[in-house]
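# Observations on the three-dimensional arrangement
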Amino acid sequence: MYVIGLDIGGTKIEGVLVKATSVSLLPSVLKKIRVPTEATAGRDRVLCNVTGVILSLYSYGKENVSGFRLGGIGIGTAGFLKKGRLEMVPNIPSLKGVKLKVLLLQQLQRWKVKAPLYIENDSICFALAELMFGAAKGFKNAIGIIVGTGIGGGLILDGKLYKGRDGGAGHIGHTTVDPSGPRCGCGQYGHFESWCSGKHIAQRYTAAGGKIQNPDPKKIFHSKEAIAEKIMGETYEKFGMALANLINIFNPEIIVLGGGVSNLPAEFYKKITAAAKKYAYPAFSDGIKIVRNRLGDDAGVFGAAALALKN
Ligand code: ADP
């Protein structure tokens, strides 16, 4: 079966055309495309870019695969669809409130592309990809967390995606770990995201008087400067609290991290696991696996493709 997977991010739109022989084997990629989202260029431009990626991948299939038939299109996007409208998309503000599925289906119909279309939050796609093909394969209760510019999450409970009432379940980044902390992009204070996302680790470091130029979590992690060590120490603590809450509520077997910050070395995983164990109920945290993803940057598009395959 051939399916298209798309990951719509604030910076780029990435798409793949894949061939899948089974839902449990990593699909093979026939074609990959990456274009800028042009998030600030307005709704029509962004939608045109999304449609453009789908049409290019579809045309590639038509021209290069004999008897090509598209089985489905999966899309992972920032935010989530509430009653069909995209919500919580601070990095692509022009898509806020947009009926993404309806508009894309109209566009695709115009170009005579007929295939079922599935849209989910990008962190949910990440969790799904790691469950089906990556680090969480074989587990029934897994949580995927993307720690990049922001923090998002996806829940797999009893082997199934858990989406909640409106499809917004798993917004782990917007849980409060310490309200005395920095303001989050959503307007609240002291969220897991506003303590521990890559952007906020760097902002906290600068606000505390750190001397590294253009700081990022990698530089701060490796620095021996006292301020850097203090900021990383706080990061482990707050990370541990957020993970402990997840562990106590969902009793997962594994938590898989993705996003830029997940590339920090093994020592980072040791520290956040120790902090999680400090705050979680021991019976639940005993044997918990807190690990880096296996699919790397491709998790998003594979997760989106997996959405279509799964359905
Ligand atoms: P986005 O959030 O735009 O999808 P990323 O997932 O790459 O992008 O996350 C970007 C954040 O991750 C930035 O704060 C960046 O500094 C941080 N980051 C990127 N690479 C690393 C790395 N190797 N180690 C630690 N942090 C990183």
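Data block above holds the structure.
Computed from a prediction, not measured in an experiment: that's the story for all the values here.

## Looking at the packing of helix 1 (residues 43-64) against helix 2 (residues 100-110)
Here helix 1 crosses helix 2 at 55°, and the two axes come no closer than 11 Å. Taken as axis vectors, helix 1 and helix 2 run oblique relative to one another. Between helix 1 and helix 2 lies a crossing of right-handed hand. Counting all contacts with helix 1, which are made through R43, L47, V50, T51, I54 and L55, the residues of helix 2 involved are L100, L103, L104, Q107 and L108. Classifying every residue of the contact of helix 1 with helix 2 gives eight nonpolar, two polar and one charged.

## Some remarks on helix 3 (residues 122-133)
With 12 residues, helix 3 extends 16 Å between its outermost C-alpha atoms, agreeing within 8% with the 16 Å of an ideal straight helix rising 1.5 Å per residue. Counting buried positions along helix 3 gives 11 out of 12 residues, so the element sits mostly inside the fold. Listed as buried for helix 3 are S123, I124, C125, F126, A127, L128, A129, E130, L131, M132 and F133. The N-capping residue of helix 3, defined by a side-chain oxygen 2.8 Å from the backbone nitrogen of S123, is N121.

## Some details on the sheet that holds strand 10 (residues 160-162)
The five strands lie next to each other as 10-9-8-11-12, forming an open sheet whose pairing is mixed. Here the strands that pair on one side only, and so sit at the sheet edges, are strand 10 and strand 12 (289-292). In this sheet, adjacent strand axes meet at a mean angle of 25° when their direction is disregarded. For strand 11 (residues 254-258) and strand 12, the ladder comprises four bridges, and the chain directions are parallel. Directly across from V256, in strand 12, lies its bridge partner V291. Most of the contacts of helix 8 (residues 266-279) go to strand 12, to which it runs at about 155°, and overall it touches strand 11 and strand 12.

## Remarks on the site of the ligand
Taken together, G148, T149, G198, K199, D216, P217, K218, G259, G260, V261, N263 and L264 make up the full set of residues adjacent to the ligand. At 2.7 Å from an oxygen atom of the ligand is found a side-chain nitrogen or oxygen belonging to T149. A distance of 3.5 Å separates an oxygen atom of the ligand from a polar backbone atom of K199. Coverage of the ligand by the protein amounts to 61% of the 570 Å² it exposes when considered alone. Residue assignment for the shell around the ligand shows that the elements contributing at least two residues are helix 5 (198-207) and helix 6 (217-222). The class makeup of the residues in the shell around the ligand is three nonpolar, six polar and three charged.

## Digging into the nonpolar core
I145, F192, F239, L243 and F268 are the most contacted members of the largest nonpolar core, which totals 37 residues. Of all the secondary structure elements, the ones that give two or more residues to this core are strand 8 (142-147), strand 9 (151-157), helix 4 (192-196), helix 5, helix 6, helix 7 (226-250), strand 11 and helix 8. Leave out the neighbours within four places in its chain, and I145 touches F126, I151, G152, G153, I172, F192, L243, L246, I255, V256, L257 and G258. Counting residues in each nonpolar core, the second largest holds 34 residues, with V46, V50, L86 and A115 among its members.

What counts, and where the lines are drawn
Residues numbered from 1 in each chain as written. Predicted model: local features only at pLDDT ≥ 70, side-chain atom pairs only at ≥ 80, totals over all residues. Heavy atoms only, no water. Axes fitted to C-alpha atoms, helices over the stretch in contact; angles between N-to-C directions. Helix = DSSP H or I, 4+ residues; strand = E, 2+ residues; numbered from the N terminus. Parallel < 35°, antiparallel > 145°, perpendicular 65-115°, else oblique. Left-handed = near helix turned anticlockwise from the far one by under 90°. Contact = heavy atoms within 4.5 Å. Nonpolar A, V, L, I, M, F, W, Y, C, P; charged D, E, K, R; others polar. Expected span 1.5 Å × (residues − 1). Buried < 20%, exposed > 50% of the residue type's maximum accessible area, 1.4 Å probe, protein only. Polar contact = N/O pair within 3.5 Å; in protein donor to acceptor, adjacent residues only side chain to side chain. Pairing = 2+ DSSP bridges. Near = heavy atom within 4 Å. Areas by Shrake-Rupley, 256 points an atom, 1.4 Å probe, with all protein chains shown as cover. Core = buried A, V, L, I, M, F, W, Y, C linked by side-chain atoms within 4.5 Å.

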